[in-house]
Structure formats: C-alpha cells, structure tokens
Amino acid sequence: MKRRIDTATSRTAQMTCLSRACSALEKNPCYRTEDDIAPLLLPGGLKPFIHFKPVRNIFTKMAAPKGIYEYVIARTKYIDAVFKDALKESFDQILIFGAGFDTRALRFRDILGDTVVFELDVPVTQQAKIGQYRKRHLTVPLNLKFIAIDFDQECLPTKLDAAGFLKQARTLFILEGLIMYLQPESVHATFQIIRDYAGDGSRVAFDYVYASVLRREGTHFGEASIVRKVSRAGEQWHFGIEEGRIASFLSKYGLRLMNHKDSEALEKTYFSDRPGHVIGRVNSTHCLVTAEKGSS
C-alpha cells in the first residue's frame, strides 16, 4: 500500500515550514527564529497573509496543537545551534534525514566552508522543495547534495555511497521530526547505519516522543491535541522512548548522551524573559537530544 508521502508532499513538513515562516516574522525575540527563507517557500496565496499578526495567531494560537508552535521554534533554534557548531568545528559532512523544507544549508551558506550537506527525503517532498527554490530564484550552494529515496524500494547505504557520502568521516546526522513516524525496526536500522557510517567525534541530533504518548496515557501538556492532529494528517506516530531511557537507547549504537532537553528545559532556555519568567509553554510530548560517537 502506498503511503501518503509517496504521492503528496508531507503535511508535517508543510506545517513545520509554516511554523518557521510565522516565527521568522515575530517581534518577540523568544519567538523569532533565523529562518527568513521559510516565508519564501509558502504558496503564493498564503504569503501576504502571514505578515499580519492576527492571521498568524489563527494558526499559532488557535489551529495548532497546544505548545507545538513553541516546540517547533525551540527545536529550530536548538538544531540551528548544533548545525553551526558542526560548521565551526569543520565537520566533514552533514546528513539531514527527512529534510522536508529544511533551509539550513542556504541560511548558513557563508559559514559552510568545505562541509558537504546531504539532504535525504522521499522524491515528492524533495522535488516540491527544489521547485520552490527554483521558483524563488534561490541559489543552492555547490556543497549541498540532494538524495531522493524510496525507503520501501531502495537501499539507503547504496544511495549514500552513490552520492559520495563518506564512511567513517566526522559527520553530523540530523533526524528532526522523524523517528516518531518510523516503525521500531526502521529506527533500529537507521541508527545501525549511523553507527556504521559515523567516524569518531560524529554527532547525532534528533527529537523523540515519550513511549507513554503512544499508549495515550494523557500525562503530558498538549498531548491530546497533538495526537489528534497527527492522526488527522494521516502520518501516524509509531516509535517512542520510555522516560529516563534515552542513554540506554543511545548506548546500543555506540553513542553517548551529550545533551538532553525536555519541555521544561526548553522553556527555560528559549522562552524566559529577562526577569526569568517563562512566557511560552512548550508541548511536553517531545524531547531533544544531541549524542556523540566516541573512540572505538
């Protein structure tokens, strides 16, 4: 059976792009992100409207699940920082799984240096993004390479090798808004590939949902609304990690935990004003992680 993302652009990728576009226009620095390209990628009929805050509020405050707008903002800022750190440390390459409408290779092109960025995604979503780049006359850096893959029909290592992805090089792997949509066996296979391809000092940045969310235990802020939204989008969640088990999950793949932020930590980091008051609640179903591969 064909999945929706095999025949149409991913709805979650579209919604993430819309969230980033809205946040790029925010005045409050807690809510503003650096993704000034995201507004350019929206459909032409929508672009003029998001410049009006009341219209943005319909999406960010009323239509979006509780705390998800804040979560996408925090996640964008968090992974932006990890991405820029990798460039500052002259990583050999960066691989973005399920890249969607990620714009980091363009936004940070001035500091890319010799780092090669690979974007991996299903053909329909990837072509939609490339088409928008062409339509908006956005120049793609020479060291950005697109890899289209049908995960049901094609072998990921074969695709990586054919694209010139280097094995055992120092690499940043980004899995943003991805692994919760994969079946457990696919998550395992993906992290095995990361383990096999990553050189010492490589890093992995990703987010995950708590396993309790898949069981519909209803213990987290915004849980019911985000579960409903995901179900209606036709892109179900299948994978979660038990609370407190992230380090043991990583250790199976030769990775050590560097940084872990739950919703409370994200609120303190990204949504605290000068007096230290939290001004935005983050949906607490998700956590963000950075891990590193040590010496063998």
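Position numbers for residues start from 1 in each chain and track the written sequence from start to end. Since the coordinates come from a predicted model, pLDDT governs what is reported: local features require at least 70, and pairs of side-chain atoms require 80 or more to be given and counted, while whole-chain, interface and lining totals use all residues. Hydrogen atoms and water are omitted, and side-chain values are computed over all heavy atoms in the structure.

As for the side chain of T171
Here T171 shows up in strand β4 (residues 171-175). On the basis of relative accessibility, which here comes to 0%, the residue T171 falls in the buried class. Here, two residues are considered to be in contact whenever any of their heavy atoms come within 4.5 Å of each other. The residues contacting T171, other than those within four sequence positions of it, are F91, Q93, I94, L95, F165, S202 and R203. In this description a helix means any DSSP run of H or I spanning at least four residues, a strand means any run of E spanning at least two, and both kinds are numbered starting from the N terminus. Here's how the labels work: a residue is buried when its accessible area is under 20% of the maximum for its type, exposed when over 50%, partly exposed in between, all with a 1.4 Å probe on protein chains only.

A word on the packing of helix α2 (residues 11-24) against helix α3 (residues 53-63)
Relative placement of two packed helices is described by the angle separating their axes and the distance separating the axes. Here an angle of 0 to 180 degrees is reported between the N-to-C directions of two axes, which are lines fitted to C-alpha atoms, with helices fitted over the stretch in contact. Relative to each other, α2 and α3 sit at 130 degrees, their axes nearing to 11 Å. Overall, the two elements α2 and α3 adopt an arrangement that is oblique. The two elements α2 and α3 meet at a crossing, and its hand is left-handed. Between α2 and α3, the contacting residues are M15, L18, S19 and C22 on the first element and R56, F59 and T60 on the second. For this scheme, ten residues count as nonpolar: Ala, Val, Leu, Ile, Met, Phe, Trp, Tyr, Cys and Pro. Four count as charged, namely Asp, Glu, Lys and Arg, and the remainder, Gly too, count as polar. The residue inventory of the contact of α2 with α3, partitioned by class, reads four nonpolar, two polar and one charged. Just so you know how the angles are binned, under 35 degrees is roughly parallel, over 145 roughly antiparallel, 65 to 115 roughly perpendicular, and the rest oblique. Note on convention: the crossing is left-handed when the near helix lies turned anticlockwise from the far helix by less than a right angle, right-handed when the turn is clockwise.

A few points about the packing of α2 against helix α4 (residues 68-88)
Running from amino to carboxyl end, α2 crosses α4 at an angle of 80 degrees, the nearest separation of the two axes being 10 Å. Between α2 and α4, the angle is such that the two are roughly perpendicular. Across from T16, S19, R20, C22 and S23 in α2, the residues of α4 making contact are Y69, V72, I73, R75 and T76. Residues of the contact of α2 with α4, tallied by class, amount to four nonpolar, four polar and two charged.

Describing the packing of aromatic side chains
To pair, rings of Phe, Tyr and Trp, with the six-membered ring standing in for Trp, must have centres within 6.5 Å; the planes then decide the type, stacked if under 30 degrees apart, edge-to-face if over 60, and tilted in the middle. Here the structure, examined in full by the defined rule, presents 15 aromatic pairs. Their ring planes at 75 degrees and their centres at 5.2 Å tell us that F118 and F165 sit as a pair that is edge-to-face. Of this pair, F118 sits in strand β2 (residues 116-121) while F165 sits in the loop between α7 (156-162) and β4, placing them 47 residues apart in sequence. The pair F118 / F165 is uniform in exposure class, with both members buried. Pairing Y208 with Y210 gives two aromatic rings, centres 6.1 Å apart and planes at 90 degrees, and the pair type is edge-to-face. Assigned by exposure class, Y208 and Y210 land together as buried.

Brief notes about the pattern of salt bridges
When a carboxyl oxygen of Asp or Glu is within 4 Å of a side-chain nitrogen of Lys or Arg, the pair counts as a salt bridge. Under the defined criterion, the tally for this structure stands at 21 salt bridges. Across the pair K84 and E34 runs a salt bridge, and its minimum N-O distance is 3.0 Å. Residue K84 is found in helix α4, and its partner E34 is found in the loop between α2 and α3; the two are separated by 50 residues along the sequence. Overall, K84 belongs to the partly exposed group, its relative accessible area being 21%. A relative accessible area of 42% places E34 in the partly exposed class. Two residues, D35 and R107, come together in a salt bridge whose shortest N-O distance is 3.5 Å. In this pair, D35 sits in the loop between α2 and α3 while R107 sits in helix α5 (residues 104-107), placing the two residues 72 residues apart along the sequence. This pair shows no difference in class: D35 is buried, exactly as R107 is. When salt bridges that share partners are traced, they join R20, D35, R75, D80, D102, R104, R107, E176 and D207 into one network.

Concerning the pairing of strand β3 (residues 144-148)
Each regular strand shows side chains that alternate between the opposite faces of the sheet. Both β2 and β3 contribute to a ladder of five bridges, which runs parallel. By the bridge assignment for β3, E119 is matched with F146. Each parallel crossover has a hand, and the one from β2 via helix α6 (residues 123-135) to β3 is right-handed. Here the rule is simple: two strands pair whenever DSSP picks up at least two bridges between them. A right-handed crossover is one whose linking path, passing over the helix from the first strand to the second, runs clockwise when the strands point away from the viewer.

Description of the side chain of S212
Here S212 lies in helix α9 (residues 211-214). Judged by relative accessible area, which is 10%, S212 ranks as buried.

Describing a positive patch on the surface
Only residues whose relative accessible area exceeds 30% and that form no salt bridge enter a patch; like-charged residues are grouped when within 9 Å of one another, and nonpolar side chains (Val, Leu, Ile, Met, Phe, Trp, Tyr) when within 5 Å. Working definition of accessibility: Shrake-Rupley area with a 1.4 Å probe, residue cover restricted to the visible protein chains. None of His or the chain ends enter the tally, which takes Lys and Arg as positive and Asp and Glu as negative. Every charge is mapped to an atom, namely NZ of Lys, CZ of Arg, CG of Asp or CD of Glu. Judged by side-chain charge, K66, R228, K229 and R232 come together as a positively charged surface patch. Mapping R232 onto the fold places it in helix α10 (residues 223-233).

Side note on a nonpolar patch on the surface
A cluster of nonpolar side chains, L46, F49, F52 and V55, forms an exposed patch at the surface whose accessible area comes to about 360 Å². Within the secondary structure layout, F49 lies in the loop between α2 and α3.

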